[in-house]
Amino acid sequence: MHPVRLSIFAGVTATALGVLSALAGPAAATVGATRVPAARVPAASGPFKIGPANSAGTVALTANGGKVAVFDIKSGLGKTHVCLIAPTGRTCWHSTYLLPPASTDNTFGRPGVFTPSAGHVVVLQQTCCEVNPNSTVLYTSSDGGKTFSAPVRVGALGVDASELIGGQILYTSQNNAGGLQVVSVPVAASGPRPTARISSRVAYDVGLGQYKGSALVGTDFIGSTYTTYLYHAAKGSNFDVATSYSSVAKFAGESLLAMSGGALLTDRVKGDAVLLRMFNGTAYGPAHVVAHIHGGLGTWLTVNQDPSGHVHVFAIMSTANYHMLEVSTSTGGTAWTRATDLGNAISSTALSAATDSTGRGLVLGTVPAWGYPVP
């Protein structure tokens, strides 16, 4: 599960980016547009609308090829919509709406969804703002996401990125003046966990990844220019303790776009080149320019490393008429596939992707919620 953020602007919300996209409009896409090769997407594929959403969302795959998508909706003070999609489905065959733990609570942040084993679904959600400081909660389902147990309070930190690493869910919060902080929650958590502050530097964009059971945490900082910082905690270490994390990279002049597995996606501010680097266990390797894709105004991106190690980059660009493009690499970025057009994506301003070992899966776009099948 790789709930990565899309924005090329640190600290800009998805709502604000949606305004920028709307202001740019389809007409702007025709100016200097890059014409991408026509789709090799099957005729029966293409995007489908799921429904209203009030937040960015995430998606996970089930053992039989189904998808579980989660996002908040504006109902009362807010609910979490859990949408189950069949392997070849184009709608929610079952929906569950999760309530915050108190009637006075709102939903906030980006909910995370994970499928640790067959039939086992867990959802992480930030709520606010009753007196209890542990406002992030975990919901658990043992019947594939149809019904859930009562929420368990697991931490005081908000949720913007989350990652399942073994039996632990690691999560972090963006635009955090308190610095880069993480919480590590067992999938069977029964109570709150401590918050570890990795760095006191303001955390703007954030991302999480993993490498063979170890944890990767990224953030960027806006000073005279962007700088991206990466930290690593070894497999078996206590992810709840700040001293478990060591600095492994610093990339000046680059903003953090997304992380997944050992893949890191950044935007080189000078020239808006989108760069891919891969973690090798001790450090990040050389940067490779992602083919057919660029950063900059009017662009939304995410990355997903599938179980085979193949890396998929998904992008919505004004210069491609706001269509969803996929390019991928099995060589760590030294060679790329041609661009595949997954369909019109002008309504999406936040992206999350999940793919299996064959590269098939789904990109969840919000807001509103749309599904983009990856064939």
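Chemist: Let's hear about the overall build of the protein: which residues, and what values?
Modeler: When helices and strands are tallied, the protein shows one helix and 28 strands. A total of 375 residues make up the protein; the buried ones form 57% of that total. Of the roughly 13900 Å² that the protein leaves accessible, carbon and sulfur atoms contribute 56%.

Chemist: Explain the pattern of salt bridges to me, and be specific about the residues and the numbers.
Modeler: Within the structure shown, the criterion is met by two salt bridges. Asp240 serves as the salt-bridge partner of Arg193, at 2.8 Å between the closest nitrogen and oxygen. Here Asp240 lies in the loop between strand 16 (226-233) and strand 17 (245-252) and Arg193 lies in the loop between strand 12 (180-186) and strand 13 (196-199), a separation of 47 residues in the sequence.

Chemist: Break down the packing of aromatic side chains for me, with residues and values.
Modeler: This structure, assessed with the given rule, holds four aromatic pairs. Pairing Trp300 with Tyr322 gives two aromatic rings, centres 6.4 Å apart and planes at 45 degrees, and the pair type is tilted. Here Trp300 is found in strand 22 (residues 299-305), whereas its partner Tyr322 is found in the loop between strand 23 (311-317) and strand 24 (323-329), with 22 residues between them in sequence. Just as Trp300 is buried, Tyr322 falls in that class too. Clustering of aromatic rings is evident, with ring pairs tying together Tyr211, Phe279 and Tyr284. Above the plane of the ring of Tyr229 lies Arg201, whose end atom (NZ or CZ) is 3.6 Å from the centre. When the ring centre of Phe251 is taken as reference, the NZ or CZ atom of Arg277 above it lies at 3.6 Å.

Chemist: Help me get a handle on the sheet that holds strand 16, residues and values and all.
Modeler: Spatially, 14-15-16-17 is the arrangement adopted by the four strands of the open sheet, whose pairing is antiparallel. Edge positions in the sheet fall to strand 14 (206-211) and strand 17, since each of these pairs with one other strand and no more. Here the strands of the sheet are splayed against their neighbours by 20 degrees on average, with no regard to which way each runs. The sheet contact formed by strand 14 and strand 15 (residues 214-222) spans six bridges and is antiparallel. From the neighbouring strand, Gly209 faces strand 15, where its bridge partner is Leu216.

Chemist: How would you sum up the sheet that holds strand 20 (residues 273-278)? Please name residues and give values.
Modeler: Within a beta sheet, neighbouring strands are joined by backbone hydrogen bonds and run either parallel or antiparallel to one another. Read across the open sheet, the four strands follow the order 18-19-20-21; overall the sheet is antiparallel. For this open sheet the edge positions go to strand 18 (254-260) and strand 21 (288-294), each flanked by a neighbour on one side alone. When the angles between neighbouring strand axes are averaged without regard to direction, this sheet yields 30 degrees. Sheet topology note: the strand 19 (residues 263-268)/strand 20 ladder contains six bridges and is antiparallel. Each bridged residue has a counterpart across the sheet, and for Thr266 the counterpart in strand 20 is Leu275.

Definitions and cut-offs
Here, residues in each chain are numbered from 1, in the same order as that chain's written sequence. In view of the model being predicted, local features appear only for residues whose pLDDT reaches at least 70, and side-chain atom pairs are presented and counted only at 80 or more, with totals across whole chains, interfaces and linings using the full set of residues. Only hydrogens and water are set aside; all other atoms, that is, all heavy atoms of the structure, feed into the side-chain values. For the purposes of this entry, the term helix denotes a DSSP run of H or I that reaches at least four residues, the term strand denotes a run of E that reaches at least two, and both are numbered from the N terminus. Only protein chains enter the area calculation, which uses a 1.4 Å probe; residues under 20% of their type maximum are buried, those over 50% are exposed, and those in between are partly exposed. The accessible surface values rely on the Shrake-Rupley method and a 1.4 Å probe; as for residues, cover is taken only from the protein chains in view. Salt bridge, as used here, is a side-chain nitrogen of Lys or Arg placed within 4 Å of a carboxyl oxygen of Asp or Glu. Centres within 6.5 Å make a pair out of two Phe, Tyr or Trp rings, where for Trp the six-membered ring is used; the pair is then stacked when the planes are under 30 degrees apart, edge-to-face when over 60, and tilted otherwise. To sit over a ring, a charge needs its Lys NZ or Arg CZ within 6 Å of the ring centre and within 35 degrees of the ring normal. Strand pairing is assigned whenever DSSP detects at least two bridges linking the two strands. For every element, the axis is a line fit to its C-alpha atoms; helices are fit only across the contacting stretch, and the angle between N-to-C directions ranges from 0 to 180 degrees.

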